[in-house]
Amino acid sequence: MARYRFTVVLEKDDDGYIVSCPELQGCTAQGDTYEDALENAADAIRLHVADRLECNEVIPQAKSVSLTSVEVTV
């Protein structure tokens with residue numbers, strides 16, 4: 001079995017946490033707690049990667065992600 005490392009972004013919302021994986025577009029998860037969200041994200045990523053491998057698709061490698069804020073006036 002191969003090991004992969006992916007970047008995840010966790011966001012707190014009113015219902016818990018939302019997790020996205022920038023390298024795997026569309027791969028998201030959520031959880032009531034930070035820990036649940038990470039566990040659910042790991043499951044979602046595992047399934048996503050397994051499906052790509054089954055279809056002989058390339059598995060993207062982790063890349064640098066920057067987080068910042070943008071101020072706008074409306």
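First things first, this report covers the structure right here in the doc. This is a predicted model, so every value here is computed, not measured. Residue positions are counted from 1 within each chain, in the order its sequence is given. The predicted nature of this model means local features are confined to residues of pLDDT at least 70 and side-chain atom pairs, given and counted, to a pLDDT of 80 or more, with totals for whole chains, interfaces and linings taken over all residues. Working from all heavy atoms in the structure, the side-chain values ignore hydrogens and water.

**Some details on the overall build of the chain**
Here's step 1: Scanning the chain from terminus to terminus reveals 1 helix and 3 strands.
Here's step 2: Secondary structure follows DSSP: runs of H or I at least 4 residues long count as helices, runs of E at least 2 residues long count as strands, and numbering of each begins at the N terminus. In the chain, the order of α-helices and β-strands from amino to carboxyl end is β-β-β-α.
Here's step 3: The C-alpha radius of gyration computed for the chain amounts to 14 Å, which surpasses the reference 11 Å derived for 74 residues by more than 25%, pointing to a less compact arrangement than a globule.
Here's step 4: The C-alpha extent of the chain, read off along each of the three principal axes, is 45 × 25 × 20 Å.
Here's step 5: Buried means the residue's accessible area, taken with a 1.4 Å probe over protein chains only, is under 20% of the maximum for its type, while exposed means over 50%, and partly exposed covers the values in between. For the chain, the residues scored as buried account for 23% of the 74 residues in total.
Here's step 6: The contact criterion used is simple: two residues touch if any of their non-hydrogen atoms lie within 4.5 Å. Restricting to contacts in the chain with at least 6 residues of sequence separation, those with at least 24 account for 32%.
Here's step 7: Computed with a 1.4 Å probe, the accessible areas rest on the Shrake-Rupley method; for each residue, only the protein chains presented here act as cover. In the form shown here, the chain has an accessible surface area of approximately 6100 Å², with 48% of it arising from carbon and sulfur atoms.
Here's step 8: Charge counting follows a simple rule: Lys and Arg are positive, Asp and Glu are negative, and His as well as the terminal groups are ignored. The atom standing in for a charge is NZ when the residue is Lys, CZ when it is Arg, CG when it is Asp and CD when it is Glu. Of the side chains in the chain, 6 bear a positive and 14 a negative charge, and the two mean positions are spaced by 10 Å. Radius of gyration: C-alpha atoms only; globule rule: 2.2 Å multiplied by the number of residues to the exponent 0.38.

**What to know about a nonpolar patch on the surface**
Here's step 1: Taken together, Val70, Val72 and Val74 make up a surface patch of nonpolar side chains, about 410 Å² in accessible area.
Here's step 2: Locating Val74 in the fold gives a position in the segment after helix H1 (34–54). Each patch is built from residues that are more than 30% exposed by relative accessible area and take part in no salt bridge. Like charges join if they lie within 9 Å; nonpolar side chains (Val, Leu, Ile, Met, Phe, Trp, Tyr) join within 5 Å. Definition used for salt bridges: Asp or Glu carboxyl oxygen within 4 Å of a side-chain nitrogen of Lys or Arg.

**Section: the nonpolar core**
In a soluble, globular protein the nonpolar side chains are often hidden away together inside.
Here's step 1: The nonpolar core is taken to be a set of buried Ala, Val, Leu, Ile, Met, Phe, Trp, Tyr and Cys residues, with the residues joined through side-chain atoms within 4.5 Å. In terms of nonpolar packing, the biggest core is built from 12 residues, these being Phe6, Val19, Cys21, Leu24, Cys27, Ala29, Ala37, Ala41, Ala44, Ile45, Val49 and Ile59.
Here's step 2: Ranked by residue count, the leading element in this core is H1, at 5 residues.
Here's step 3: Excluding anything up to four places from it in sequence, Ala41 contacts Val19 and Ala29.

**Some details on unusual backbone geometry**
Here's step 1: Of note in this structure, Asn56 is not a glycine but carries a positive phi near 55°.
Here's step 2: Along the chain, Asn56 falls in the segment after H1.
Here's step 3: Given a relative accessible area of 74%, Asn56 falls into the exposed group.

**Details of the sheet that holds strand E3 (residues 28–31)**
Here's step 1: One open sheet holds the 3 strands; their spatial order is E1-E2-E3, and the pairing between them is antiparallel. Whereas interior strands pair on both sides, the edge strands pair on one side only; in this sheet they are strand E1 (9–13) and E3. Taken over all neighbouring pairs, the strand axes of this sheet differ in orientation by 20° on average, direction set aside.
Here's step 2: We call two strands paired when DSSP finds no fewer than two bridges between them. As judged from the 4 bridges shared by strand E2 (residues 16–20) and E3, these two strands associate in the antiparallel manner. When the sheet's bridge partners are listed, Ile18 is paired in E3 with Gln30. The angle between two axes is taken between their N-to-C directions and runs from 0 to 180 degrees, where each axis is a line fitted to C-alpha atoms and a helix contributes only its stretch in contact.

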